[in-house]
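Chains, contacts and geometry: an overview
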Amino acid sequence: MRRSLFILLMVLLAGSATAGLTSLLARRVWAQYLAQPGDDLAWLRREFRLSEAELGAIRVLHAGYLPRCRDYCQRIGQRQGELWALLESGGQAAQVIEAKLIAIGTLRAQCQAAMLQHFLEVSQAMPPGQGQRYLAEMRRLTLGFHERFEQEMAADPASPHAHP
Amino acid sequence: MSKPVPPMEDLKLSALLRAARPERALPPGFNEAVWRRLERDSGTGFDTGLADFLDRLAALFLRPRLAAAGAVAMVLVGIAVGVVQGDRLASDLARQQYLAAVSPMTSR
């Protein structure tokens, strides 16, 4: 019985190792085969089953949006640099720092608004059902980030940031 | 009562038969096998049944054809799982690439 148990254990181990190693290899090879590193929109085509015509329309929107996105990122980064310089220099009036924070917040809001507008336009270039799904997913992924901690600002006694 | 003495011919015949069928040496491990069998037979019915089942199962995997078929099955299972996981991985990477392009404010 001991010998049989040993044989069965070995069979189990060898089988698991074979399946595990093969699956790792297959996962890597298959992911590389499917990947299209140069194309930012490969996910849209695949996930939302877009036709070439739909993808072509979205490519135009995407190309038009990217310079605006880059511009917002540069401006926000620049204002952030100025804010840190003000904070590190010390002795600045609170009003100056507040004004800088407001400027950054305004830029961030404008960036988000432009982003949402772009997502809306892209969703309208998709078939209706897929467009709704895309919009919901993009809102969740891009605004959910803020919403998660902003919800804690609401009166939630369970939140670690709750105010008495 | 004393046992009857066999006739001389019977004694000769017995000696002749013994000489014609010499006793062979026991095969190696015979004693261990006998003890194992005795040990097994003295166990409970459930133990014996389980041991028999495990022995039969182990013997199955020792057959080259079945062992090869099992190995091929494991490779196929691995490939199937890998393809499903690779599909998800490729989709996740592509999604991250898209999000990185369109949004600096992303939760993954």
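Preceding this section is the structure that the text describes.
It should be emphasised that the depicted structure is a prediction, and the values quoted were computed from it without experimental measurement. Each chain carries its own residue numbering, running from 1 in the direction its sequence is written. Here every chain gets a letter starting at A, and every ligand a number starting at 1, in the order they are written. At least 70 in pLDDT is required for a residue's local features to be given in this predicted model, at least 80 for side-chain atom pairs to be given and counted, and no such filter applies to totals for whole chains, interfaces and linings, which use all residues. Based on all heavy atoms of the structure, the side-chain values leave hydrogens and waters out of the count.

To describe two helices that pack against each other, one gives the angle between their axes and the distance between the axes. Interaxial distance between helix α1 (residues 2-34) of chain A and helix α4 (residues 64-102) of chain B falls to 6 Å at its minimum, and their mutual angle equals 35°. As for the relative orientation of α1 of chain A and α4 of chain B, their crossing is right-handed in sense. For this classification, the nonpolar set comprises Ala, Val, Leu, Ile, Met, Phe, Trp, Tyr, Cys and Pro, the charged set comprises Asp, Glu, Lys and Arg, and every other residue, Gly included, is treated as polar. Here the residues of the contact of α1 of chain A with α4 of chain B sort into 13 nonpolar, eight polar and two charged. Axes here refer to lines fitted to C-alpha atoms; in helices the fit is confined to the stretch in contact. Angles between the N-to-C directions go from 0 to 180 degrees. Helix and strand definitions follow DSSP, with helices as H or I runs of at least four residues and strands as E runs of at least two, each counted in order from the N terminus. It is the rotation of the near helix from the far one that decides the hand of a crossing: anticlockwise by less than a right angle makes it left-handed, clockwise makes it right-handed.

Structurally, S23 of chain A is set in helix α1. Buried residues are those whose accessible area, probed at 1.4 Å on protein chains only, stays under 20% of the maximum for their type, while exposed residues exceed 50% and partly exposed ones sit between those limits. According to the relative accessible area criterion, S23 of chain A is buried, its value standing at 10%. In this analysis, two residues are considered to be in contact whenever any of their non-hydrogen atoms come within 4.5 Å of each other. Ignoring any residue separated from it by four or fewer positions in sequence, one finds S23 of chain A in contact with G78, V81, G82 and Q85 of chain B.

Glancing now at the interface of chain A and chain B. Contacts between the two partners involve 47 residues from chain A and, on the opposite side, 34 residues from chain B. A carboxyl oxygen of Asp or Glu within 4 Å of a side-chain nitrogen of Lys or Arg is what we treat as a salt bridge. In this assembly, chain A and chain B are joined by two salt bridges. Definition of a polar contact: a pair of N or O atoms within 3.5 Å, with one able to donate and the other able to accept a hydrogen when the atoms are protein atoms, and with sequence-neighbouring residues admitted only if both atoms are side-chain atoms. Linking chain A to chain B there are seven residue pairs in polar contact (both at pLDDT 80 or more). Of the residues contributing to the side of chain A that touches chain B, the split by class is 25 nonpolar, 12 polar and 10 charged.

Note that every value here comes from positions in space, so none of it alone points to a role or purpose.
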